[in-house]
Amino acid sequence: MLQKYEMSFKIQNGSTILENPNFIAYSKSRSGFHFVVLNWDAVTPDSSQKNIAHFVTNKKHSHPNFFSFDGRSPTFFVSSSVSTGCKMVKICCIGAGYVGGPTMAVIAANCPEITVTVVDISASRINAWNCEQLPIYEPGLDKVVKDCRDKNLFFSTDVEKHVADANIVFVSVNTPTKTRGLGAGKAADLRYWESAARLIAEVSTKNKIVVEKSTVPVKTAEAIEKILMSQNDKGISFQILSNPEFLAEGTAVNDLYNPDRVLIGGRDTPEGQKAIQVLKDIYAHWVPADRIICTNLWSAELSKLVANAFLAQKISSVNAVSALCEATGADVTQVSHAVGMDTRIGKKFLNASVGFGGSCFQKDLLNLVYIYECNGLHEGANYWKQVIKLNDYQKSRFVNRVVSLMFNTVAEKKIAILGFAFKKDTSDTRETPAIYVCSGLLRDNAQLSVYDPRVPESQILKDLSMDRFDWEHPAHPQPLIPIDAEQVTVVNDPYEATKDAHGICILTEWDQFKTLNYQKIYDNMKKPAFIFDGRNIVDVGKLRSIGFIVYSIGKPLHPWLTDVPSAA
């Protein structure tokens, strides 16, 4: 059943302008003009005009609310079978960090009819999002933000105003591991989430959908509901959804544009299901319908924790195998390849390394352990604890290798640190193995020269000056290491970092480290010249032919190294 609408249009600077207020044209393609229906209440069945004009469903977005008009007639048709419409929506995201900023930018890019505002109490962070150089580095993010900024994407410190104006509020605030009090060392610290919920309740004057974007423990939504309703004396309806992110830093923009899945959890009530549909319609602008999964709230909250636990488990598993490979003469790369060819296991996350880092894996594992313990499931808790212990063991094993192989001391020796971010293509240093490795070397009085193409000097020095949190003994963090200007230098060139060095530690798998002129580096180093490859990215045979003594995790040992135990 179709309804005919008469409208005129013209092309002006590539844009289509329509006189009918029920529609907005937002782009032109070779197949026609794409429209968004704003007023579905105006649609009434009328099949008599069915053949006047031609339209096709927008196959790219696979969404029933979008159609194409071929431009040959000033007539437009819409299907009355569509149950919900895409109305004018304002989105506000509380938190302008690694999740909030990129996620909202991609929503704005794909939903030009929606106004998206990212708010944060940090003026410096918001100023950075509004400047030429963004506060975080992600491939492709710069273009997405700048294409939408000040059009339908905004960054502001006026938190109360934009939360009050929004129909949908995403909450993407930090949920770190508690370091004090009940659950210290494992439980998530939800103080920022609670503060956000209280703010939403205080300033809201109309119904809202509140979306959990931060990674939170199971049943957090229930606590948030209680906070919102306890302060609700205005008769406002709040619907809570869980929409966890599954982004990998370094590929976050691509992950947002081409997600494996989008997960939306909500209440199994008419209001809850309607809220789910609203958020589903937003994602359906660019995500195929079969990749949008809808569950109850608790399944969505738990799925994020479990997903990260499984990924971390694979990394710790292969790292445990790497120690055995060194002891037996096997090659962990060959073992990983053989194992990964099994489709039941898969190839991803089977690269042995100095250990995993980032803001999520350890934090979410500890949170999961705490939930197990709170429910009396201690065997399960101990299982997941072992994943973290293996990661700590791998970092410790790497430091011990460096020290023991360099004649059991690195005191006053220059060690070049290539890479400080926890992985390539990001500037994030949270829980990076480089902090642990550098701290271990500094305790042995090494002199470090650090190079990372994206991490600023201020961040590196800050990370190395902070107390290191011990998740097993949260009340007793490892003491601050005094750092003077002679012990740690941060440079802007890998060749400067390695000049006159006794050894090199590769701690981030930046692509540029694969193609450095290692002959030049060798010629300018102290001899014997050591390379400790914590990411298995260099050509071991080639470097050994140059003259380097090379240690690569999980690879057959250099004859120089065979007398040192694998578990060192």
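About the criteria used
- Residues numbered from 1 in each chain as written.
- Predicted model: local features only at pLDDT ≥ 70, side-chain atom pairs only at ≥ 80, totals over all residues.
- Heavy atoms only, no water.
- Helix = DSSP H or I, 4+ residues; strand = E, 2+ residues; numbered from the N terminus.
- Buried < 20%, exposed > 50% of the residue type's maximum accessible area, 1.4 Å probe, protein only.
- Contact = heavy atoms within 4.5 Å.
- Areas by Shrake-Rupley, 256 points an atom, 1.4 Å probe, with all protein chains shown as cover.
- Arc of directions from axis to C-beta.
- Pairing = 2+ DSSP bridges.
- Right-handed = clockwise from strand over helix to strand, strands pointing away.
- Axes fitted to C-alpha atoms, helices over the stretch in contact; angles between N-to-C directions.
- pLDDT = per-residue confidence, 0-100.
- Expected span 1.5 Å × (residues − 1).
- Patch = residues over 30% accessible without salt bridge, like charges linked within 9 Å, V, L, I, M, F, W, Y side chains within 5 Å.
- Salt bridge = Lys/Arg side-chain N within 4 Å of Asp/Glu carboxyl O.
- Core = buried A, V, L, I, M, F, W, Y, C linked by side-chain atoms within 4.5 Å.

This paragraph deals with the overall build of the protein chain. Each helix and strand counted, the protein chain has 17 helices and 22 strands in total. Across the 568 residues in the protein chain, those meeting the buried criterion constitute 53%. A sequence separation of at least 24 residues applies to 73% of the contacts in the protein chain between residues at least 6 apart. A total of about 25600 Å² of accessible surface is found on the protein chain, and carbon and sulfur atoms cover 51% of it.

With respect to the helices and strands, Trp384 occurs in helix H12 (residues 378-405). Residue classification places Trp384 among the buried residues on the basis of a relative accessible area of 7%. The sequence separation of Trp384 and Ala309 amounts to 75 residues, and the corresponding C-alpha distance is 7.6 Å. Discounting chain neighbours no more than four positions away, the residues touching Trp384 are Ala309, Phe310, Gln313, Leu365, Leu368, Val369 and Tyr372.

Let us look at helix H6 (residues 220-230). Of all the positions in H6, only Thr220, Ala221, Ile224, Glu225, Ile227 and Leu228 are classed as buried. Along the axis of H6, the buried positions cluster into a sector of 165 degrees, meaning they face one direction only. Seen from the buried face of H6, the exposed residues on the opposite side, beyond 90 degrees, are Lys226 and Ser230.

The subject of this paragraph is the pairing of strand S21 (residues 530-533). Side chains of S21 alternate between two faces, with Phe530 and Phe532 and Ile531 and Asp533 buried alike. Judged from the 4 bridges that link them, strand S20 (residues 503-506) and S21 form a sheet pairing that is parallel. The partner of Cys505 across the bridge, within S21, is Phe532. Each parallel crossover has a hand, and the one from S20 via helix H16 (residues 518-523) to S21 is right-handed.

Taken in spatial order, the 6 strands make up an open sheet running S19-S18-S17-S20-S21-S22, and their pairing is parallel. At either end of the open sheet lies a strand with only one pairing partner, and these are strand S19 (488-490) and strand S22 (549-552). Mean inter-strand twist for the sheet, computed between neighbouring axes without regard to direction, equals 15 degrees. In terms of strand pairing, S21 meets S22 through 4 bridges, oriented parallel. Bridged to Phe530 within S22 is Ile549. The sheet strands contacting H12 are S20, S21 and S22, and the helix crosses S21 at an angle near 170 degrees. Packed onto the sheet, helix H14 (residues 457-465) meets strand S18 (447-451) and S19 and runs at close to 155 degrees relative to S19.

Residues at a pLDDT of 70 or more form 80% of the protein chain, whose mean pLDDT is 83. Overall, residues 1-86 carries pLDDT values under 50, and its contacts beyond four positions in sequence, including any with other chains, amount to 175 contacts.

Below, the discussion takes up the pairing of strand S14 (residues 238-242). Among the 5 residues of S14, 5 are classified as buried, and the element is accordingly described as predominantly covered. Because side chains alternate across S14, one face comprises the buried residues Phe238, Ile240 and Ser242, and the other comprises Gln239 and Leu241, equally buried. Bridge analysis of strand S13 (residues 208-212) against S14 gives 5 bridges, and the strand direction is parallel. Counterpart to Val211 in the pairing with S14 is Leu241. Note that the unit made of S13, H6 and S14 has a crossover that is right-handed.

Before going further, it helps to spend a moment on helix H11 (residues 361-374). Since the α-helix turns once every 3.6 residues, residues separated by three or four places project in the same direction. The terminal C-alpha atoms of H11 lie 20 Å apart, and with 14 residues this matches the ideal 20 Å at 1.5 Å per residue to within 8%. The buried count for H11 comes to 10 of 14 residues, which makes it a mostly enclosed element. For H11, the full list of buried residues reads Phe361, Gln362, Lys363, Asp364, Leu365, Leu366, Asn367, Leu368, Val369 and Ile371. Where H11 is buried, its residues contact helix H9 (297-328) and H12. Two residues or fewer past H11, Gly376 is found with a positive phi of approximately 75 degrees.

This part is about a nonpolar patch on the surface. On the surface, Val321, Val335, Val339 and Ile345 cluster together into a nonpolar patch covering about 250 Å² of accessible area. Take Val339: it is sitting in helix H10 (residues 332-340).

We now examine unusual backbone geometry. Cis peptide bonds are those with omega within 30 degrees of zero, and the linkage from Lys527 to Pro528 qualifies with 0 degrees. Along the polypeptide, Pro528 turns up in the loop between H16 and S21.

Attention now goes to the nonpolar core. In this structure, Phe398, Leu441, Leu448, Tyr518 and Phe548 are the most contacted members of the largest nonpolar core, which totals 65 residues. The biggest single contributor to this core is helix H13 (residues 433-443), with 7 residues. The contacts of Phe398, once residues within four sequence positions are left out, are Val354, Val437, Cys505, Leu507, Phe532, Asp533, Gly534, Tyr551 and Ile553. Judged by nonpolar contacts, the second largest core, of 41 residues, contains Met104, Cys111, Ile114 and Ile292.

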